Every structure is written in C-alpha cells, then in structure tokens.
Amino acid sequence: MSEAESAHGKLSSVDRQWNQNRLLVLFTGTVLAALVIIYVIASLKLGDFTWNPLAHDPFVHTWPASNFL
C-alpha cells in the first residue's frame, strides 16, 4: 500500500491531516480543559458545607440502655 492508502482504501485530504502532533495537541487540550473545569467546580462554594458547632442540637444525645442482658 502506498502512503495515502489504508486498509479501507485511499485516505481523504482531511484524514491525511490527522498526524501524531495534531492528536497529541488535541489530547493535551482536552486534559487541560477537563482539569480546569474540575478545578472551577471544586472551588465553587454553592452549599458551603463547613462544620458549625452552633448548628447542632443543644441537647446531648445519649444511647438508651440496652435490655439485652
């Protein structure tokens, strides 16, 4: 087979443009975009779930005595 052919026949001009460098740039860009999106979502304080001691009940909860023995 010549350089412009594959197992499925001749490659189109668009298919010939996809080389190793182009795929590497596409992969790197995709990974960076995903990391930026994850970082932005993780840094949003939509529901600020920090621990607040005043949010608990003022009564101490105790376990009831067991009548097993």
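Parameters at a glance
Residues numbered from 1 in each chain as written. Predicted model: local features only at pLDDT ≥ 70, side-chain atom pairs only at ≥ 80, totals over all residues. Heavy atoms only, no water. Helix = DSSP H or I, 4+ residues; strand = E, 2+ residues; numbered from the N terminus. Areas by Shrake-Rupley, 256 points an atom, 1.4 Å probe, with all protein chains shown as cover. pLDDT = per-residue confidence, 0-100. Phe/Tyr/Trp six-rings, centres within 6.5 Å; stacked < 30°, edge-to-face > 60°. Lys NZ or Arg CZ within 6 Å of the ring centre and 35° of its normal. Expected span 1.5 Å × (residues − 1). Buried < 20%, exposed > 50% of the residue type's maximum accessible area, 1.4 Å probe, protein only.

**Points about the overall build of the protein chain**
Logical step 1: Counting its secondary structure elements, the protein chain contains 2 helices and 2 strands.
Logical step 2: Reading the secondary structure of the protein chain in the N-to-C direction produces β-β-α-α.
Logical step 3: In the form shown here, the protein chain has an accessible surface area of approximately 7,300 Å², with 66% of it arising from carbon and sulfur atoms.

**Structural notes on the confidence of the model for the protein chain**
Note: predicted coordinates in regions of low pLDDT should not be interpreted at a detailed level.
Logical step 1: A residue-level look at the protein chain finds 70% of positions with pLDDT of 70 or above and a mean pLDDT of 78.
Logical step 2: Per-element mean pLDDT across the protein chain ranges from 62 in strand E1 (residues 5-6) up to 93 in helix H2 (residues 20-43).

**Some words on the packing of aromatic side chains**
Logical step 1: Enumeration over the complete set of coordinates arrives at 0 aromatic pairs.
Logical step 2: Cation over ring: Arg-22 sits above Trp-18, and NZ or CZ is 4.1 Å from the ring centre.

**Topic: H2**
Logical step 1: Taking 1.5 Å as the rise per residue, H2 with 24 residues should run 34 Å; its terminal C-alpha atoms sit 35 Å apart, in good agreement.
Logical step 2: The buried fraction of H2 is low, at 0 of 24 residues.

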